[in-house]
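# Working through the structure, step by step
These are the residues of each chain, in order.
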Amino acid sequence: MTDRHLNDSSFLAEQLSELSQEIAQFNAVSMDYVLERVCDRLTSIAPFDGAGVFSPIEHQDTLRWLHLSGAGNPALGPVLGGYRSSLQPVVNGSGAVQLAYTNGGAETGGYLAGIPTGLISGTPAGLLVSSSRELVEDELGLLGPFALMVGLSAENARLSGMLDASTSGNPVARLLGLIAHELRTPLTAVRGNVQLALMAHRRSQQERVADRLESAISSVDGMTGLVQTLLDVSRLERGTFRLEQSLSDLRDTLQNAVTMLSESETGSETHLRMEPGDPVTISHDQRALSKALIHVLEAVSRCAGDTNEIVLTLELVNGEVGVAVRYSGERLPERERAVLSEPLHNAHASTDRADDLSLELAYTRGVVQHHGGRITVAEAESDNDWHDVTIWLPAA
């Protein structure tokens, strides 16, 4: 490989790595959304000037575009018909192909590279990119696992949409669909990082392997935490979650939550302040309640933004202790308000955030209810006014 192609391949590896991480974080609204985002981004990466995903039409000897991007290369649109036989190995899953294509009366218009993506909508599909120059073997090797990741992400988005649509009348089936949707992102991240690590190993770029494996382990750790939260929510909703209550100062529990969030990556930019006051001693599970409060603070932080302050106050009203979380900013999303007030299996998924199952807030609601408490949300009409999320607990 020439030095120029070595440099080009290294650049392409970096760009595909960044795009793979972006795909892993997609809050995919639909399969079409995934394909559009991926193909549009690919056309901005040298040496590509067009990208699309194609598949065969069932019971016909023709190919069709699932999505096509690349206004700078209008010749890419009609190539499927002319190069159908050449691209057939791609949709058969046999491997990547590369060929020169003609553009009008010119001898050549550039090069095409087709790479299998696996099944999309139950049909073998392929990623097709156009380039002004021929790709070298290493570059085709980079595109192989990347294309498979694109197919997996698109199919996950399609299946999640089907689950949301088909299970709307069945609470248990709906919950299973929401869980499957929630597990999609860490699984995609694990797969993508392991593929990139294998790719780096095969190219003798051992210095890249450790970072990719560490990213994969981080995704696994996140998935482990997700599964533990799922188990806790399941126990809470079935009434089998065991609290370890003791008489202790609720203010200490709140301060512990504030400290933990402030020290975490999530809360690094959050402005938290707890109003001073006298100790409030009640019977509660310090660990569980502190974790529940952290989840509320995280949700509120997303709405308050980096510049607005979040204030915690304790008040005693009619035999209840109110832990009020006050902030100015956006209102809590409807999905999150619903989870704070009703069992998780009754709530519907949304598409406004990647973690739209809101398991953490389901955990919060369950823990508060197990303490004999409740949660209220008082929201102002204007984003500039104060909103309140208050956890009410028995004072005795």
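This write-up is about the structure you can find in this document.

Calculation criteria
Residues numbered from 1 in each chain as written. Predicted model: local features only at pLDDT ≥ 70, side-chain atom pairs only at ≥ 80, totals over all residues. Heavy atoms only, no water. Buried < 20%, exposed > 50% of the residue type's maximum accessible area, 1.4 Å probe, protein only. Helix = DSSP H or I, 4+ residues; strand = E, 2+ residues; numbered from the N terminus. Pairing = 2+ DSSP bridges. Axes fitted to C-alpha atoms, helices over the stretch in contact; angles between N-to-C directions. Core = buried A, V, L, I, M, F, W, Y, C linked by side-chain atoms within 4.5 Å. Contact = heavy atoms within 4.5 Å. Left-handed = near helix turned anticlockwise from the far one by under 90°. Nonpolar A, V, L, I, M, F, W, Y, C, P; charged D, E, K, R; others polar. Phe/Tyr/Trp six-rings, centres within 6.5 Å; stacked < 30°, edge-to-face > 60°. Lys NZ or Arg CZ within 6 Å of the ring centre and 35° of its normal.

In this section: the pairing of strand β1 (residues 48-56). Note on strand geometry: in a regular strand, side chains alternate between the two faces of the sheet. Burial analysis of β1 places eight of its nine residues in the buried class, which makes it a mostly covered element. Pairing of β1 with strand β5 (residues 123-131), which is carried by six bridges, proceeds in the antiparallel orientation. Within the sheet, the bridge partner assigned to Phe54 lies in β5 and is Gly126. Note that β1 and strand β2 (residues 63-69) share six bridges and pair antiparallel. For Val53, the partnering residue across the bridge sits in β2 and is His67.

Strand order in the open sheet formed by five strands is β7-β9-β10-β12-β11, and the pairing between neighbours is mixed. The open sheet has two free edges, formed respectively by β7 (271-274) and β11 (374-378), since each of these has just one partner strand. In this sheet, adjacent strand axes meet at a mean angle of 20° when their direction is disregarded. Taken together, the five bridges between β11 and strand β12 (residues 386-394) define a ladder with antiparallel strand orientation. In the strand pairing of β12, Thr376 is matched with Thr390.

To continue, consider the nonpolar core. If you look at the biggest cluster of nonpolar residues, it comprises 44 residues, and the most contacted ones within it are Leu250, Leu293, Leu297, Ile310 and Leu312. Counting residues per element, this core draws most heavily on helix α9 (residues 286-304), which supplies eleven residues. Sequence-distant contacts of Leu312, defined by excluding residues within four places in its chain, comprise Val258, Leu272, Arg273, Met274, Glu275, Leu293, Leu297, Ala324 and Val325. In terms of nonpolar packing, the next biggest core, distinct from the first, is built from 34 residues, Ala125, Leu135, Leu143 and Ala147 among them.

Another aspect to go through is the packing of helix α7 (residues 206-238) against helix α11 (residues 359-370). Closest axis-to-axis distance for the α7/α11 pair is 9 Å, and the angle between their directions is 35°. Judged by the sense of rotation from one axis to the other, the crossing of α7 with α11 is left-handed. Two secondary-structure elements touch here, α7 through Leu226, Thr229, Leu230, Asp232, Val233, Leu236 and Glu237 and α11 through Leu359, Glu360, Ala362, Tyr363, Arg365, Gly366, Val367 and His370. Considered class by class, the residues forming the contact of α7 with α11 number eight nonpolar, three polar and four charged.

For the structure shown, the criterion picks out two aromatic pairs. Summarising the aromatic geometry, the rings of Phe241 and Tyr363 are spaced 6.3 Å apart at their centres and angled 85° between planes, so their arrangement reads as edge-to-face. A residue pair is termed long-range when its members are at least 10 positions apart, and Phe241 in the loop between α7 and β6 (246-249) and Tyr363 in helix α11 qualify at 122 residues. For the residue pair Phe241 and Tyr363, the accessibility class agrees, reading buried in each case. Positioned above the aromatic ring of Tyr363 is the side chain of Lys291, whose terminal nitrogen or guanidinium carbon lies 4.7 Å from the ring centre.

Any functional reading would require information beyond the geometric quantities listed.
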